[in-house]
Each structure stands twice: as structure tokens, then as C-alpha cells.
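# Per-entry structural report
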Amino acid sequence: MTATSPPGSRQRHRGRHPLVEIGLGVYRFFYKKKVGLGLILALTVMALIGVLFPQVSPDFRADEAAYSDFLDDQRSRYGGWTFPLSFIRAFSMFSSPAFTIVTVLLVLSILACTAHRLPLLWQQATAPRVHVGDRFFDTARLRETLEVPLPPDEAAERASTLLARMRFRVMPDPRPPGNNLFADRNRFAPFGTVIAHLALVVILLGVLLSGSTGFRETQFTVAVGSDREVGHGTGLTVEVVSFADTYHSDGRPMDYVSDVILHDDGVQVARQEVRVNTPLRYDGVKINQAYFGVAADLRVEDPDGALLFDRGLPLEWTTQDDRLVYSTFTLDEPDLLVYVIAPASGQRDPMIAPGQLRLEIYPGDEDVPVANEVIDQGVPTEIEGVVFTFEREQKYTGLMVSRDHGAPWVWAGSLLLILGTWFTMGLRHHRVWVRVTPHGEHSIVRLACPDRIDLTFEPRFRRLADQLTQPTLDEKADRHA
């Protein structure tokens, strides 16, 4: 031990457990401002990527075939950049490991900064510095020097009374020189920053929860009279009983509404007319009306009459020239991929007359069709050993289905952020130091406030100075007598 070392310092250092040292080192790393700013910048860039590029849910990305089809659609927009964007998880940013790691690190940084700041805030609120030197009264942002026609004790008492009327906490400073006071108002207002920091933690955890456990499908199509499983481990099935669209006299849409029945593991749990702003809610899942289009009811049988496929197909996809709409389905036996094609709304096709559909049929994974046939509504047509029947044309409804476990946390964090901001900005912590020294039979009163500019407080500070120099009613009565 050196002569300059405090007694017992090395013993305390040797007695500290290595894990404690590691923990303190991690804590000191995370409360550095540069670390926090770097993490905020990284998270901002990631969030921007997530907003700019279409996002898919984790289970959708895990489905190799579905995700491959998604990437094929994106290549028409991003070309050769599609694979690099997929590699950096641009299409699933909010559920990516990198986003999760940066979010967790930022939460740790915010908690460390808050913990580091709390002792200082608590000391300022409960045991503030009441004594300042003479130079402070010469350099403070707001300052006044007054001659008060009272002896020092009475001048100090008047200052204390006036500050108390302004709802200041007044504390005496017994140290010389003179009669000294410290006063502050809204002493717990700085804790608004703590509330705001905790609000950010709650919001970030909510965002992380949404990205890792939630889903959002903006193109969930169901033909009228058909049903479709929601998936994502929900066990829910959406059945659409009917759809209606109404318009104003000038052609503007008035209302889109779907009569929706919701089943949970085969049991009906809800039924509601779903509109754009009137969603069906069940067990954290929300279903909104989004759009609608044309569907085709198609029935497929084998030559012996065994049913292979029977449902409405939403013709939800559009060719690049916007002339045709189409959908696809697969048959397991025989192994066929079937494209169902019709003219888009307002378009005509010389190969497909009204009341007809065109079927392109591909065997297995091959790229060359084995059949390209036009079938008439209501006429069974045998193609590649199976019988296709176009039963009717009708509408499909496009729904937006989502589940967001993090939404309540984001809302709660947003409310906390508003509360913390109001505490910090609306209830400013104001401090005033007062020094009273004798000046003959009168007193010199010096006031000083170092706090940030506050346009509402400065007039009060000047008014306090004016009131100190004005005689009280009792003094006026004594003079009059």
C-alpha cells in the first residue's frame, strides 16, 4: 500500500468478488452516453429499414415455399438487390436477431443511465445544496440585488414568506455571511426524466414482443361462402357469410362490410359485421375490412366422382400488364399446380369470354404447362384425368388480420412518456438562493436562480424582487401613524 492510498482501500478491492467487478464494468459501459447514442442510431437505421421494406412474419419466413414466392414477387421491384436485402433481414427486420439484440442492449443502456442518474436526482430533491459562494450571485442567469428597508432578520423573514406563498420549499442556510435561504419548487419534477426513460423501455419491450410473437397479414382473402384458417398457431378459422359494398351517387365508396363468423378449433366463438374501422376482436386477434375483388367457385373431381377440391378462389393477383387476375391451388393426387385466370375488372381478353375461366396446369415442379384450357361456367370439363367445374363467379373479401401482443405495452409506454414529458417540461424545477446582509439600518438582499430559461418563471422572479422592496400593510400603517 502506498502512502497516498486511503486506509483499507486495497483490502476492499481485494475483497470484491470478480463477478461484482465484471458487473460494475458492464454497468459503467452501458451508462456511457456514446454507447447509448450509438445504440439509438443503430436501432433507428433498423427501424427505418423495417418501415421502408415490406415485412413478413416469423412463421411466414420459416415457410420456405411461401417465402420463396414472396422473394420472387419482390424481384420485380428490387431486382438483383432482393437476395442481399433478404440476407440482412430487410423483409423481416423487426423479428431479426440483430434487431432483438440491439433493442435489448438499448434497454440495458437506458436502465443503466437511469440508475446512474437516480442518486443525484434523489439528493437534489431531499438534500439539496443550500449554500453557495458570493460569486454565484454575480454570475447566475437570473439575479437581483435590492436594498430592503428592513433589518436583516426581518428581510430574510419577508423573503421566506413571499417564497412560501409562491409554493416554494424554503430551507435556511446557517453558514455565514449574512442570513441565507435556499428555496425550490417542483423538486420532484426532474424525476420526469426517469419516467420518460422507463417509458422508452416499456415501448421497446412492446416493439420487441410485437416483432417476435405477433403477426400482421394485410392481404388475407376469403371468398364469400368459404372459410380460411388464420394459422400462426391461433387455431382460428374465418368464414365469410356475405359481403356488401355500397356507393354514393357520384360513385365514391360509402361502405364495405363483411359478415364474418370466427371459429376456434371448430367452435363458433364470434360473429360480426366487419368494416374498415369496426374490427372483430378475439383473443388478441383483430380482423379489419380492407378491400374486395372477384372470386371463382371451382369444383374438382376425379373420374369416379371423388371430390378433390371445392371452394371459392379469390382472384387476388394481377399480371404485370394489369389485364388479367389469377389465383393458384394444388392437387395432391395427381400432383398438379393449377392457375385459374380471368380478365381483370374493366378488361377484355379475346381468349376468355364472360362466364369463362382459363386454366393453366403444371405437373409437379415443372415450368412448362401440360394444359391450357378455357372452361365454361356450369360445364364439367375433364383435363389431365380430373374434372373441373366452374360453378359460379362471386366476390371475395380482403381482410387485414393481425395479433399484436406488444400493442398494450406500447400504449402504456406512450402514456408514461407523455406523463414524464409533462413532469419534465410542464413542472420545471425552480431554485432560488437568497443572501441578506446588513446595510446600515436596512438590508441588501441578493437573489439568484441558475435554472434554464423559463418564460413563465422569470416574471415571477422579478415580481418577487419587487415585493421585497415594497412595504407591507403594517409598515404602511406605522408610517401613516
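One can find the structure itself at the top, above this paragraph.
If you're wondering where the values come from, they're calculated on a predicted model, not measured in any experiment. (Residues numbered from 1 in each chain as written. Predicted model: local features only at pLDDT ≥ 70, side-chain atom pairs only at ≥ 80, totals over all residues. Heavy atoms only, no water.)

### Quick look at the overall build of the protein
Put simply, the test is: Elements are defined by DSSP. Helices are runs of H or I of four residues or more, strands are runs of E of two residues or more, and each kind is numbered from the N terminus. Note on method: radius of gyration uses C-alpha positions; expected globular size equals 2.2 Å times residues raised to 0.38. Burial classes: relative accessible area under 20% of the type maximum marks a residue as buried, over 50% as exposed, and values in between as partly exposed (1.4 Å probe, protein chains only). Throughout, a contact is declared for two residues whenever any of their heavy atoms are within 4.5 Å. When charges are tallied, Lys and Arg are placed among the positive residues and Asp and Glu among the negative ones, while His and the ends of the chain are skipped. In plain terms, the charge of a residue is placed at NZ if it is Lys, CZ if Arg, CG if Asp and CD if Glu.
Within the protein, the regular secondary structure consists of 13 helices and 20 strands. Relative to the 2.2 N^0.38 estimate, which gives 23 Å for 481 residues, the radius of gyration of the protein is 37 Å and therefore markedly larger than a compact globule would have. With respect to the principal axes defined by its C-alpha atoms, the protein has extents near 120 × 70 × 45 Å. In the protein, buried positions account for 39% of the 481 residues. Of all intrachain contacts in the protein linking residues separated by at least 6 positions in sequence, the fraction that spans at least 24 positions is 58%. For the protein, the distance from the average position of its 49 positive side-chain charges to the average position of its 59 negative side-chain charges is 21 Å.

### Here we look at the packing of aromatic side chains
As a reminder of what qualifies: Pairing of aromatic side chains requires ring centres within 6.5 Å, counting the rings of Phe and Tyr and the six-membered ring of Trp. Pairs whose planes differ by under 30 degrees are stacked, by over 60 edge-to-face, and all others tilted. Charge-over-ring placement is defined geometrically: NZ (Lys) or CZ (Arg) within 6 Å of the ring centre, and within 35 degrees of the ring normal.
Counted under the stated rule, the structure contains 24 aromatic pairs. Seen from their ring centres, Trp-422 and Phe-423 are 5.5 Å apart, and the 80° between their planes marks the pair as edge-to-face. Its relative accessible area of 48% is what places Trp-422 among the partly exposed residues. For Phe-423, a relative accessible area of 25% gives the class partly exposed. Members of the aromatic cluster, joined through ring pairs, are Phe-53, Tyr-67, Phe-70, Tyr-78 and Phe-91. Positioned over the ring face of Phe-220 is Arg-228, at 4.2 Å from the centre of the ring.

### A few points about the sheet that holds strand β15 (residues 356-363)
Strand-to-strand pairing in sheets goes through backbone hydrogen bonds, with the strands running parallel or antiparallel. Going by this rule: Strands pair, by our definition, only if DSSP identifies at least two bridges between them.
Pairing is antiparallel across the open sheet formed by 5 strands, whose spatial order is β12-β13-β14-β15-β16. Strand pairing shows two members of the sheet lacking a second neighbour, β12 (317-318) and β16 (371-376), which therefore form its edges. Strand direction decides the pairing type here: β15 and β16, joined by 6 bridges, are antiparallel. In the sheet register, Arg-358 faces β16, and the bridge partner there is Val-374.

### Re the nonpolar core
Going by this rule: In this description, a nonpolar core means a group of buried Ala, Val, Leu, Ile, Met, Phe, Trp, Tyr and Cys residues linked to one another through side-chain atoms lying within 4.5 Å.
Residues Val-434, Val-445, Leu-447 and Leu-468 are the most contacted members of the largest nonpolar core, which totals 24 residues. Put simply, the parts of the chain that give this core at least two residues each are β1 (142-148), α9 (152-165), β3 (179-185), β19 (430-439), β20 (442-449) and α12 (457-469). Contact partners of Leu-468, with chain neighbours within four places excluded, come to Leu-146, Val-148, Ala-155, Arg-158, Ala-159, Leu-162, Val-445 and Leu-447. Judged by nonpolar contacts, the second largest core, of 23 residues, contains Leu-336, Val-338, Ala-342 and Ala-344.

### Some remarks on a nonpolar patch on the surface
Rules: For patches, a residue must show more than 30% relative accessible area and have no salt bridge; joins then use 9 Å for like charges and 5 Å for nonpolar side chains, namely Val, Leu, Ile, Met, Phe, Trp and Tyr. Using a 1.4 Å probe, the Shrake-Rupley method yields the accessible areas, and only the shown protein chains count as cover for residues. Only one rule defines a salt bridge in this text: a Lys or Arg side-chain nitrogen within 4 Å of an Asp or Glu carboxyl oxygen.
Taken together, the side chains of Val-104, Leu-108, Leu-111 and Leu-198 define a hydrophobic patch exposed on the protein surface, amounting to about 290 Å² of accessible area. Ranked by residue count, the leading element in the nonpolar patch is helix α7 (residues 97-126), at 3 residues. Along the chain, the position of Leu-198 falls in helix α10 (residues 192-213). Leu-198 gets classed as partly exposed once you look at its relative accessible area, which sits at 39%.

### As for the environment of His-197
Within the element layout of this structure, His-197 appears in helix α10. Looking at His-197, the relative accessible area reads 25%, which means it is partly exposed. Residues His-197 and Leu-416 lie 219 residues apart in sequence; the distance between their C-alpha atoms is 9.2 Å. Leave out the neighbours within four places in its chain, and His-197 touches Ile-110 and Thr-114.

### A few points about the environment of Gln-377
Formally: Whenever a nitrogen or oxygen atom comes within 3.5 Å of another N or O atom, the pair is scored as a polar contact, on the condition that within protein one atom can donate a hydrogen and the other can accept it, and that pairs from neighbouring residues in sequence are kept only if both atoms are in side chains.
Mapped onto the elements, Gln-377 comes out in the loop between β16 and β17 (381-383). You can call Gln-377 partly exposed: its relative accessible area is 38%. Taking the C-alpha atoms as reference points, Gln-377 and Leu-298, separated by 79 residues in sequence, lie 9.5 Å from one another. Those residues in contact with Gln-377, other than ones at most four positions away along the chain, are Gly-355, Phe-390, Glu-391, Arg-392 and Glu-393. In this structure the side chain of Gln-377 is engaged in a polar contact, spanning 3.5 Å, whose partner is the backbone oxygen of Glu-391.

### Quick notes on unusual backbone geometry
With an omega of 0°, the peptide bond between Pro-176 and Pro-177 qualifies as cis. Of note, Pro-177 is situated in the loop between β2 (169-173) and β3. The omega torsion of the bond from Glu-333 to Pro-334 falls at 5°, within 30 degrees of zero and hence cis. Positionally, Pro-334 belongs in the loop between β13 (324-331) and β14 (336-343). For Glu-384, which is not glycine, the phi dihedral falls at a positive 50°. By the element assignment, Glu-384 lies in the loop between β17 and β18 (386-403). With relative accessibility at 42%, the residue Glu-384 sits in the partly exposed group.

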